[in-house]
Amino acid sequence: MAKVLVVDDAAFMRMMLKNILGKNGHQIVGEAQNGAEGVKKYQELKPDVVTMDIIMPEVNGIEAVRQIMAIDPEAKIVMVSALGQEAMVKEALEAGARDFIVKPFKESKVLEVIEKLC
Amino acid sequence: MENYKDVFVSESMEHLNSLTQGLLELEKGNEEVLTEIFRAAHTLKGMSATMGYDGMAKITHEMENLLDAVRNGEVEITSEVIDVLFEAVDLLEAALNSLSEGDDENISAEEVSQKLSKFVQTGKEERATTPEVKDEAKKLEKGIKKIDIELDKDCTLKSVRAYMAFRELRELGEIVKCIPDEEKLEDGNFDRRFSIFLKTSAGDEEIRKKLKKVSELSKVEIHYCEASSANEGKTKIGGDLKSVQTVRVSIERLDSLMNLVGELVISKSRLFQIKNKYAIDELNETLAYIDKLTTSLQEEVQEMRMVEVRYVFDRFPRMVRDLAKKEGKKVDFVIEGKDIELDRTVLDEIGDPLVHLLRNCIDHGIETPEERVKSGKSETGKVLLKARRVKDHVEIIVADDGRGIDPEKIKRIAVEKGLISEKEAEKMSYDEAKMLIFTPGFSSAEKVTDISGRGVGLDVVRNKILSLGGTVELESEVGKGTRFVLKLPLTLAITKALLISAGGKIYAIPLNNVNEILNVKEEDVSTVMGQEVIQLRGKILPVYDLISILGKATATNGGKRARPVVIVEKGGNLIGLAVDELIGQQEIVIKSLDGMLRDVRGFAGSTIMGDGRVSLILDISSLGV
């Protein structure tokens, strides 16, 4: 079981993730709507895994990864990407993200990625 | 089998070349090339055995054995080992040459094979008495592994997954190749499978563990790569990345293609003339397009005929090594600009002149180690062979840091050989004296060695270069060294020429020979000792009537009337050629004179004009003035 922080600006996406993870025994310890909030929550909650949307208002996902990695180099962040965002995913991986999942997601994929990290 | 012979010969030559290069490197102590040499020998063995050339197969087999023993540390690389390997390479080359002339291999493989196997034998015996632990080191050597990876069926951002796999594997070693190429992987332009060639010392488990971190990989397979196939992979990297594919085409085909393009160029100018004659405007556009197309076609064919100078240069390190060894001299041979390209015909012709110049450097230029130390130089002499592109021609420089050309010695020899008189010698400047070495009959080697001084002097070199439309320059300083600079045109087949008329005929003068054109009035011409001369910027230069030096009647020639004079360089001096009329500049296709006309002096060939008439191309260097 992992403690997960979900960072996404769309409530719908957060809900989807929460459902998938929740019913498979993971615990959603917090949610954030943008990068800045995500960084703040990370410091407060110290989750095992963070799911991070890329395109978000104010501080985007890549920037948030950089900030979190600066605070905790061991942080496990999974990017949530849409099709066609290859370049940005790569950038996020360079910045320290561990893995990624692609929207629209399949339950099995999300679980595979999260469980691999724990 | 006969069909494969040409391919066999040309490919084997390439392998021999890399063998030679590799052996030279090996002698210098670079053991990294061993794998490559081994592979070349191995490939040759396979090829010659397939073709049924038993002699070659036997030699390469023994070479392979010896190289393998060297690789395993059973035999040490000594100068003797290298010598025997070279001996084997020589025999193989002889066999190939004989094969390419339609003969059998014509070699006896026995002697060399025995020599080769003797090294292996003694090596093994020594090893048996003194067991070594070199095997350990061998095991640690990095091998190459081929890792086949398959992505999940529903993986969406394939390129990023591939990228992650790359990233993980890079931590374990060097990625030498991937299939498909990196570009395709980056664009996600591949099926679910890809392969990575990793040069690593890591074990399979370690690799698997790394790749476990990457999601959506449905299959990972690790294979050991034979040294050879990995290397093949390596050589392909460049090719794959640029996705350049090559086809072997025999040079005759390119020659004939060039010839056809030449004919096309001629027909094109014929069309232009017809258009002008009948003033057909509708033709303009089409003709302009045809003009553009033929020009591109011509450039393309020309490009195809360009060959890197390495094909000639690469055979020199071996030669220089052998010569230096024989002469007891120490030489550091540096080659630069191997990737410069020249037309194949030009390249074919400069091989011998370069051999001659390099032999000169080592025979006459570089001193013995003792001599060098005495004069305060380092023991090892330097010989430089360099090609570089300068505007529309290529310069090839052959330089050494040896004793330089001693003008007094040159003069003395020239006087002894009766080439000049004592008086002339006294008056000669340094520059003039050193040019004496280009005089026919001059060879300063005091005794005939088999290195240089074989009756062909530097005059042959110079004439060859001049006949190619090039020039030779010589710089030398006593005690410091000598430097030959050959300037060569990029191509021979199609060239720009100045068309002139003289005595009612049109002649072409290659534009690279033309220095300038003057309109000389009657009063500008004066006569000095029976020779008509003009002054050009304070210099006096002789003017010859073109028709009379071509041996035609000069009855119509008034001598001193105003006429155009073409200034050309001949043998380092400027001369003027008086003609009747300047016609203009044009691209011409050179057709060589052969058969009975081959030895006619003064002409480099002929060309066909747009109107179908034939014009002769002047060869300034052999013009009899």
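Here we summarise the structure given alongside this text.

Rules of the game
The numbers attached to residues start from 1 for each chain and follow its sequence in the written order. Chain labels run from A onward and ligand labels from 1 onward, assigned in the order the entries are written. Predicted model: local features are reported for residues with pLDDT of at least 70 only, side-chain atom pairs are reported and counted for 80 or more only, and whole-chain, interface and lining totals are derived from all residues. As a convention, hydrogens and water are excluded, and side-chain values are obtained from all of the structure's heavy atoms. Only runs of H or I of at least four residues qualify as helices and only runs of E of at least two qualify as strands under DSSP, and these elements are numbered from the N terminus. Contact definition: two residues touch when any of their heavy atoms are within 4.5 Å. Each accessible area value is a Shrake-Rupley result obtained with a 1.4 Å probe; residue values ignore everything except the protein chains displayed when judging cover. Whenever a carboxyl oxygen of Asp or Glu lies within 4 Å of a side-chain nitrogen of Lys or Arg, that contact is scored as a salt bridge. Residue exposure (1.4 Å probe, protein chains only): buried if accessible area is under 20% of the type maximum, exposed if over 50%, otherwise partly exposed. Only residues whose relative accessible area exceeds 30% and that take part in no salt bridge are eligible for patches, with like-charged residues grouped when within 9 Å of each other and nonpolar side chains (Val, Leu, Ile, Met, Phe, Trp, Tyr) grouped when within 5 Å. Note that His is not counted, nor are the chain ends; the positive residues are Lys and Arg, and the negative ones are Asp and Glu. Taken as the charge centre is NZ of Lys, CZ of Arg, CG of Asp or CD of Glu, depending on the residue. Buried area is calculated as the accessible area (1.4 Å probe) missing from two parts once they are joined, with the contributions of both summed. Under this definition, polar contacts are N or O atom pairs within 3.5 Å; protein pairs additionally need one hydrogen-donor-capable and one acceptor-capable atom, and for neighbouring residues in sequence, both atoms have to be side-chain atoms. Each residue is assigned to one of three groups, with Ala, Val, Leu, Ile, Met, Phe, Trp, Tyr, Cys and Pro labelled nonpolar, Asp, Glu, Lys and Arg labelled charged, and all others, Gly among them, labelled polar. Angular values range over 0 to 180 degrees, each being the angle between N-to-C directions of two axes fitted as lines to C-alpha atoms, with helices fitted over their stretch in contact. By the definition adopted for this analysis, an angle is roughly parallel if under 35 degrees, roughly antiparallel if over 145, roughly perpendicular if from 65 to 115, and oblique otherwise. Take the far helix as the reference: if the near one is turned anticlockwise from it by less than a right angle, the crossing is left-handed, and if turned clockwise, right-handed.

## Structural notes on the overall build of chain B
(1) Moving on: Each helix and strand counted, chain B has 21 helices and 22 strands in total.
(2) Moving on: Across chain B, contacts joining residues at least 24 apart in sequence account for 69% of those joining residues at least 6 apart.
(3) Moving on: When the accessible surface of chain B is split by element, carbon and sulfur atoms take 49% of a total near 33,300 Å².

## Thoughts on the pattern of salt bridges
Between side chains of opposite charge, a pair can form as their charged atoms come close.
(1) Moving on: Following the criterion strictly, the structure yields 54 salt bridges over all chains and no others.
(2) Moving on: A salt bridge links Arg66 of chain A to Glu63 of chain A; the shortest N-O distance between them is 3.5 Å. Residue Arg66 of chain A and its partner Glu63 of chain A are located together in helix α3 (residues 61-71), separated by three residues, close to a single helical turn.
(3) Moving on: A relative accessible area of 37% places Arg66 of chain A in the partly exposed class.
(4) Moving on: Salt-bridge contacts for Glu150 of chain B lead to Lys219 of chain B; the nearest nitrogen and oxygen are separated by 3.8 Å. With Glu150 of chain B in strand β1 (residues 143-151) and Lys219 of chain B in strand β4 (residues 217-224), the pair connects residues that are 69 residues apart, well separated along the chain.
(5) Moving on: Accessibility expressed as a relative area gives 11% for Glu150 of chain B, which makes it buried.

## Notes on a negative patch on the surface
Residue and element names in this part refer to chain B.
(1) Moving on: Taken together, Glu299, Glu300, Glu303 and Glu587 make up a surface patch of like negative charges.
(2) Moving on: By residue number, the principal contributor to the negative patch is helix α12 (residues 283-305), which donates three residues.
(3) Moving on: Looking at where Glu303 falls in the secondary structure, it is placed in helix α12.

## Quick notes on the interface of chain B and chain A
(1) Moving on: Between chain B and chain A, the residue contacts involve 17 residues of the former and 19 residues of the latter.
(2) Moving on: Between chain B and chain A, roughly 1,500 Å² of surface is buried when both sides are summed, and carbon and sulfur atoms account for 53% of that area.
(3) Moving on: Three residues, Leu157, Val160 and Tyr163 of chain B, lead the burial of chain B against chain A; their summed loss comes to 36% of the area buried on that side.
(4) Moving on: Taken together, the links from chain B to chain A amount to three salt bridges.
(5) Moving on: One salt bridge connects Lys109 of chain A with Glu216 of chain B, and the closest N-O pair in it is separated by 2.5 Å.
(6) Moving on: The interface formed by chain B and chain A contains 10 residue pairs in polar contact (both at pLDDT 80 or more).
(7) Moving on: When residues in the side of chain B that touches chain A are grouped by element, the largest group, six residues, is from helix α7 (residues 158-170) of chain B.
(8) Moving on: Here the residues of the side of chain B that touches chain A are counted per class, giving six nonpolar, three polar and eight charged.

## Let's talk about the packing of helix α1 (residues 11-23) of chain A against helix α5 (residues 107-117) of chain A
Residues and elements named next belong to chain A.
(1) Moving on: It is at 10 Å that the axes of α1 and α5 come closest, and there the two elements cross at 70°. It follows from the interaxial angle that α1 and α5 lie roughly perpendicular. Every pair of crossing elements has a handedness; the one defined by α1 and α5 is right-handed. Facing Leu17, Ile20, Leu21 and Lys23 of α1, the residues of α5 in contact are Glu107, Val110, Leu111 and Ile114.

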